[in-house]
Amino acid sequence: MQNPQAAATSVDGTVDSDRLATVLYQTRSAARVLSLTSAVQRNQVLQAMGEAILSHRDQILEANTLDLEISREMAVPETVTDWLKLTPERIDRAAQIFHRLGELGDLPSLGGANAVAVRPRPVGVVALVYESFPDLAAIAAGLCLRTGNGLILKGGSESSQTNQTLVTVLHDAIATTDLPPDSLQLIPQDWNEVTRAVLVQQPALDLVIPYGRPKLVRQVVEQATVPVLPTYIGNCCLCVCPSAAMDTVVQVILDSHRGDPDAVNRIETVILAGEFEPVWLSQLWQRLASVLMLKGTPSLVRLFNELTVADEDEWACPSFSTTVAFRLTATLSAALDWMNQQGDHRAASLCTNLQTDVQQFVATARGTVLYINSSPRFYRNPSAAADIALGMSAQIGPVGLSALTYPQQVVYPH
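Conventions we followed
- Chains are numbered independently. Their residues run from 1 in the order of the written sequence.
- A pLDDT threshold of at least 70 governs which residues receive local features in this predicted model, and a stricter bar of 80 or more applies before side-chain atom pairs are shown or counted, although totals over entire chains, interfaces and linings include all residues.
- Side-chain descriptors were evaluated using all non-hydrogen atoms of the structure, hydrogens and water having been removed beforehand.
- Patch membership needs two things, relative accessible area over 30% and no salt bridge, and members are linked within 9 Å if like-charged or within 5 Å if nonpolar (Val, Leu, Ile, Met, Phe, Trp, Tyr).
- Under the convention used here, a 1.4 Å probe and the Shrake-Rupley method define accessible areas, while residue burial counts only the protein chains that appear.
- Just to be clear on terms, a salt bridge is a Lys or Arg side-chain nitrogen sitting within 4 Å of an Asp or Glu carboxyl oxygen.
- What counts as a helix is a DSSP run of H or I of at least four residues, what counts as a strand is a run of E of at least two, and both are numbered from the N terminus.
- Any two strands are treated as partners once DSSP identifies two or more bridges connecting them.
- Here, two residues are considered to be in contact whenever any of their heavy atoms come within 4.5 Å of each other.
- Here the axes come from fitting lines to C-alpha atoms, over the contacting stretch only for helices, and the angles between their N-to-C directions go from 0 to 180 degrees.
- Should an angle fall under 35 degrees it is taken as roughly parallel, and over 145 as roughly antiparallel, whereas 65 to 115 is taken as roughly perpendicular and any remaining angle as oblique.
- Working rule for handedness: look at the near helix, and if it is turned counterclockwise from the far one by less than a right angle, call the crossing left-handed; if clockwise, right-handed.
- Charged means Asp, Glu, Lys or Arg here, nonpolar means Ala, Val, Leu, Ile, Met, Phe, Trp, Tyr, Cys or Pro, and polar covers whatever is left, Gly included.
- Side-chain rings of Phe, Tyr and Trp (the six-membered ring for Trp) are treated as a pair once their centres are within 6.5 Å; stacked means planes under 30 degrees apart, edge-to-face means over 60, and tilted covers the remaining angles.
- Partly exposed describes any residue whose relative accessible area lies between the buried limit of under 20% and the exposed limit of over 50%, with all areas from a 1.4 Å probe on protein chains only and scaled to the type maximum.
- Throughout this description, the term nonpolar core refers to a set of buried Ala, Val, Leu, Ile, Met, Phe, Trp, Tyr and Cys residues connected via side-chain atoms within 4.5 Å.
- To estimate the expected span of a helix, count its residues, drop one, and scale the result by 1.5 Å.

1. Quick look at a nonpolar patch on the surface
And then number 1: A cluster of nonpolar side chains, contributed by Leu66, Ile70 and Met74, occupies part of the molecular surface with about 260 Å² of accessible area.
And then number 2: One can find Leu66 in helix H4 (residues 57-73).

Next up, the structure:
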């Protein structure tokens, strides 16, 4: 594997734009070759990459242990450390995702009419800009290889050892096949923060996917001059109507907070839409309080001492913790107005037993995925292999195989 550090950094450690452009050119050239390969060829490589991760599990865990030790010395936030810490189960899951992707056939055509055929085509070169989550880089590599895209990885300094080890393992697996190893590249961690801004402004990139805390995602969106598909974690909304079954409400909230290690669609805001009996609400708080930290608006806190006041800025930001904040509105319409203005429009949930509520919610709620009386819990390795995804975006919902392709029309003579 070419040393990315030598390829793109000058003697004084600053970014050499010409050499960075060379790395990107190599990735684009490799992506063109990759896009012409068959599903059978890609599947063979995906299987090899999955096996490579399993056979090098101990080596990856050792590198991760080193990163964790350094991160603790640097007082890295606990949330980021949790995201960073690999387990054998997380590594096995990444390997399983490679294997499952390697069992898929050709990506399905997108339909068409008369003399027009529509087929999915790779977007070209994708950059994943992320912090922690070293296994996310592996999953991104699998999705990009399966769709015929080149991938540039820019991880955080807290996971530099793990990222380098993991990418070297994957790169070596690709190198044993006929597919181009340069389709996967890692930007080294001794580049300073400006490098991220430089990277996301490269014309050779076709798509940037940021993943991490909101600050990182916002910075990438603001800095990038190429298309960005932002992904976010947590702070999803749930609307609860008076007709809702308490068991359903409890199950939906608690299950949404389960995730390993990131509960992507964690419900952190619950809007009580209508008139509720105080006894019903007290019972709800009691069932949740043993697991979650419960907050609310000042008016609710005055009525229920089970809640503490949520600061105004907490409503718009994910807590990355087991915290849920409640607010009360007079109607479902008012709840939907608040959610549509303040929510992040990724996953929106409703608990009710009335079909009229469902109809109003579906017609009005802004969200790429709507959940009715069901948990919005995100599964990175779902039951259907074609639904494997990196995360959730307000633009398209799950960021998976379809997000890494575009519909290309092929027009034939009538």
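2. Comments concerning the sheet that holds strand S8 (residues 293-296)
Through backbone hydrogen bonds, the strands of a sheet pair up, either in parallel or in antiparallel fashion.
And then number 1: Spatially, S9-S8-S10-S7-S6-S11-S12 is the arrangement adopted by the 7 strands of the open sheet, whose pairing is parallel. Since the sheet does not close on itself, it has two edges, and those belong to strand S9 (308-309) and strand S12 (369-372), each with one partner.
And then number 2: Note: strand S6 (residues 236-240) against strand S11 (residues 347-351), 4 bridges, orientation parallel. Looking at S11, one finds that Cys239 is bridged to Leu350.
And then number 3: Most of the contacts of helix H15 (residues 355-364) go to S12, to which it runs at about 170 degrees, and overall it touches S6, S11 and S12.

3. A word on the packing of helix H3 (residues 39-55) against helix H6 (residues 88-101)
And then number 1: H6 packs onto H3 with a crossing angle of 165 degrees between their chain directions and a minimal axis gap of 7 Å. Judged by the angle between their axes, H3 and H6 are roughly antiparallel. The way H3 lies across H6 gives a crossing that is left-handed. Listed contacts from H6 to Asn43, Leu46, Gln47, Met49, Gly50, Glu51, Ile53 and Leu54 of H3 are Ile91, Asp92, Ala94, Ala95, Phe98, His99 and Leu101.
And then number 2: Partitioning the contact of H3 with H6 into residue classes produces 9 nonpolar, 4 polar and 2 charged.

4. Here's the deal with the packing of aromatic side chains
And then number 1: By the definition in use, this model includes 7 aromatic pairs.
And then number 2: Measuring from centroid to centroid gives 5.4 Å for Phe276 and Trp280, while their planes differ by 40 degrees, and the two rings are tilted.
And then number 3: Given a relative accessible area of 14%, Phe276 falls into the buried group.
And then number 4: A relative accessible area of 18% means that Trp280 is categorised as buried.
And then number 5: On the basis of an interplanar angle of 70 degrees and a centroid distance of 4.6 Å, the ring pair of Trp285 and Phe326 is categorised as edge-to-face. A residue pair is termed long-range when its members are at least 10 positions apart, and Trp285 in helix H12 (residues 278-289) and Phe326 in strand S10 (residues 323-329) qualify at 41 residues.
And then number 6: Its relative accessible area of 0% is what places Trp285 among the buried residues.

5. A short note on unusual backbone geometry
And then number 1: Even without a glycine there, the phi angle at Phe133 is positive, about 45 degrees.
And then number 2: With relative accessibility at 1%, the residue Phe133 sits in the buried group.
And then number 3: One non-glycine residue, Asn235, lies in the positive phi region at around 60 degrees.
And then number 4: One can find Asn235 in the loop between helix H10 (214-223) and S6.

6. With respect to the nonpolar core
And then number 1: Counting 61 residues, the largest nonpolar core has Met49, Ile53, Leu151, Leu153, Leu170 and Ile209 as its most contacted members.
And then number 2: Considering every element that reaches this core, the biggest residue donor is helix H7 (residues 134-147), with 9 residues.
And then number 3: By size, the runner-up hydrophobic cluster in this structure holds 26 residues, among which are Leu238, Val250, Leu288 and Leu300.

7. Quick notes on the sheet that holds strand S2 (residues 125-130)
And then number 1: The 4 strands lie next to each other as S4-S3-S2-S5, forming an open sheet whose pairing is parallel. Two strands in the sheet have a free side with no partner beyond their single neighbour: strand S4 (184-186) and strand S5 (207-211). For this sheet, the mean inter-axis angle between neighbouring strands, taken without regard to orientation, is 20 degrees.
And then number 2: Sitting on the sheet, H10 is in contact with S2 and S5, with an inclination near 160 degrees to S5.

8. Description of H3
And then number 1: Across its 17 residues, H3 extends 24 Å between first and last C-alpha, which sits within 8% of the 24 Å expected from 1.5 Å per residue.
And then number 2: Turning to H3, its buried residues are Ala39, Arg42, Asn43, Val45, Leu46, Met49, Gly50, Ala52 and Ile53.

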